[in-house]
Protein chains: 2
Amino acid sequence: MKLQLQIKMNEALFLRDPENSELGKNILKHSVQLIHKAGFEAFTFKKLAEDIGTTEAGIYRYFENKHKLLVYLTCWYWGWLEFQISFHTNNIKDPTVKLKRVIKLLATAVEDDEQTNYINESLLHQIVISEGSKAYLTKQVGEDNNQHFFKPYKDLCAVIGGVISECNHKYKYPKSLASTIVEMAHIQNFFMNHLPSLTDFGKNKEDREIISFLNDLVFSSLKKE
Amino acid sequence: MKLQLQIKMNEALFLRDPENSELGKNILKHSVQLIHKAGFEAFTFKKLAEDIGTTEAGIYRYFENKHKLLVYLTCWYWGWLEFQISFHTNNIKDPTVKLKRVIKLLATAVEDDEQTNYINESLLHQIVISEGSKAYLTKQVGEDNNQHFFKPYKDLCAVIGGVISECNHKYKYPKSLASTIVEMAHIQNFFMNHLPSLTDFGKNKEDREIISFLNDLVFSSLKKE
DNA sequence: TATTAATGATAGTAATACTATTATTAATAA
DNA sequence: TTATTAATAATAGTATTACTATCATTAATA
């Protein structure tokens, strides 16, 4: 039996559900490839259409504009990651062990998950590192937030914040620490690869070192005296 | 006597030095206002030219494109901030006191500094929060970095990393902790104002709380056992 | 067989991101 | 003083981007 993981997406993000048609799945698949290759600024619906072998208008029937497509992809990623986390931390009682596992999942390069053949999770992970924050660093952040575009990200942070509180009920900043871990797992990765002097990992460029840093950061804060 | 603070800028960032002419200073002044108002995506040289009362071609004589202008402004900001830090921590011996002061300067809303009349530091600070990371989150990071476009940012982080090491010589991640503080001072501010559920500061929206969080984070990590 | 839904093909528009040319003005040097 | 240069203004033009609209074709379904 082949399980197919379906992530329920916010319907305001698309005009036509891309997961319900071949063209839609192709849009997702090729947009991940093209954004990864060209970067979000140089990415256009025209190039995407050429890649797929359809027309620009064809893409516009699915997504209003490239911003919504980016938000869609990041949402998909955060939803997928929350599932990964709940799956891999299932049955772990000790919140400390759990939190360590979460940090590892956040900061480790993702392998392509064969379960969803139309999205390459490894490429998407790299896109979220380089382009993910552009989904909310806009003037429309308020409106987008009103439409719940960032719910998957918030949900993930809320879960992590919960584990943090379990580790230390008296810790005062569980939510901020959660978003700090998530953001820093990505930013330190980006810096390590592109601006290494901003990190202590420039020599080896190992995810493992980012994990150590984050563990140190988090568990120093949560240590009870 | 009126002191004029001049920040030495990387000459590869501009075609003609904007600080050497009225038009150039107007470009800086109005671009800060316009980017703040419209956001970087909607900001164009045409609108900027209209704002100033010059032509598009006039702007292009100073800056190759809006990306370089953004990099210019962020560099200016980091240079200015490094000066603020060196000024306000001058003569402080105790590295712990120094680091606290640095965190405060990073996370506190900036007042417009009358010394430079053509750049509104308060607006620029907000631009750096919302748009600053777009200066390096691009496909051209590598080339831009080769041209030393991020030197002011790196210099600032190096200074902070130095203070961190002074606090605890055995701490293993001074550079990453430094970039974490700088990034988080901004990101937590953005989240507090636009996606408050990602922080613990949503109720009061006070810079003071971000400072407390960062102090807790940093000094837990640097505590020697 | 008729109807509808999705796609393909083509065209068109307004705005963006530039480049080029020529005229005008202001500053400076011969 | 005039001649020269440098900066700016005015105008035009191009390729690309970010869309919208229309109509024909095909596939699925009633």
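Everything that follows concerns the structure shown earlier in this document.
The paragraphs below set out a description of the structure included in this document.

### Re the state of the cysteines
All names here are of chain A. Scanning the entire structure with this criterion turns up 0 disulfides over all chains. Cysteine C157 remains unbridged, with the sulfur of C75 as its closest cysteine sulfur at 13 Å. Owing to a relative accessible area of 4%, C157 belongs among the buried residues under this scheme.

### Topic: the packing of aromatic side chains
A full pass over the atoms with the stated rule returns 34 aromatic pairs over all chains. Measuring from centroid to centroid gives 5.9 Å for F83 of chain A and F87 of chain A, while their planes differ by 35 degrees, and the two rings are tilted. A residue pair is termed a helical-turn pair when its members lie 3 or 4 positions apart in one helix, as F83 of chain A and F87 of chain A do in helix α4 (residues 66-88) at 4 residues. We classify F83 of chain A as partly exposed; its relative accessible area is 34%. For the ring pair Y173 of chain A and F213 of chain B, a centre distance of 5.4 Å and an interplane angle of 65 degrees mean the geometry is edge-to-face. Note that Y173 of chain A is positioned in the loop between α8 (151-167) and α9 (174-194) and F213 of chain B in helix α10 (residues 207-222), a pairing that runs across two chains. Classification of Y173 of chain A by relative accessible area gives buried; the value is 9%. Assessed through its relative accessible area of 0%, F213 of chain B is described here as buried. Here the aromatic cluster, defined as three or more aromatic residues joined through ring pairs, consists of Y77, W78, W80, Y136 and Y153 of chain A together with F190 and F191 of chain B. The ring of F40 of chain B has K66 of chain B sitting right over it, with the charged end atom 4.7 Å from the ring centre.

### Some details on the protein's contact with DNA strand C
Taken together, 16 residues form the shell around DNA strand C, and within it T54, R61 and Y62 of chain A together with E56 and Y60 of chain B come nearest. Counting only the atoms of DNA strand C within 4 Å of the protein, the fraction contributed by sugar and phosphate is 45%. Here T54 of chain A contributes a side-chain N or O atom positioned 2.7 Å from a phosphate oxygen of DNA strand C. In terms of residue count, helix α3 (residues 56-60) of chain B provides more of the surface near DNA strand C than any other element does, 3 residues in total. Tallied by class, the residues present in the surface near DNA strand C amount to 5 nonpolar, 5 polar and 6 charged.

### Let's talk about the protein's contact with DNA strand D
Inspection of the region around DNA strand D gives 15 residues, with E56, Y60 and N65 of chain A together with T54 and Y62 of chain B positioned closest. At the protein interface, 55% of the atoms of DNA strand D within 4 Å belong to sugar or phosphate. A distance of 2.6 Å is found between a phosphate oxygen of DNA strand D and a side-chain nitrogen or oxygen belonging to T54 of chain B. Take R61 of chain B: an N or O atom from its side chain is 3.1 Å from a base nitrogen of DNA strand D. When grouped by side-chain class, the residues that make up the surface near DNA strand D number 4 nonpolar, 5 polar and 6 charged.

About the cut-offs
- Residues numbered from 1 in each chain as written.
- Chains lettered and ligands numbered in written order.
- Predicted model: local features only at pLDDT ≥ 70, side-chain atom pairs only at ≥ 80, totals over all residues.
- Heavy atoms only, no water.
- Disulfide = S-S within 2.5 Å.
- Buried < 20%, exposed > 50% of the residue type's maximum accessible area, 1.4 Å probe, protein only.
- Phe/Tyr/Trp six-rings, centres within 6.5 Å; stacked < 30°, edge-to-face > 60°.
- Helix = DSSP H or I, 4+ residues; strand = E, 2+ residues; numbered from the N terminus.
- Lys NZ or Arg CZ within 6 Å of the ring centre and 35° of its normal.
- Near = heavy atom within 4 Å.
- Polar contact = N/O pair within 3.5 Å; in protein donor to acceptor, adjacent residues only side chain to side chain.
- Nonpolar A, V, L, I, M, F, W, Y, C, P; charged D, E, K, R; others polar.

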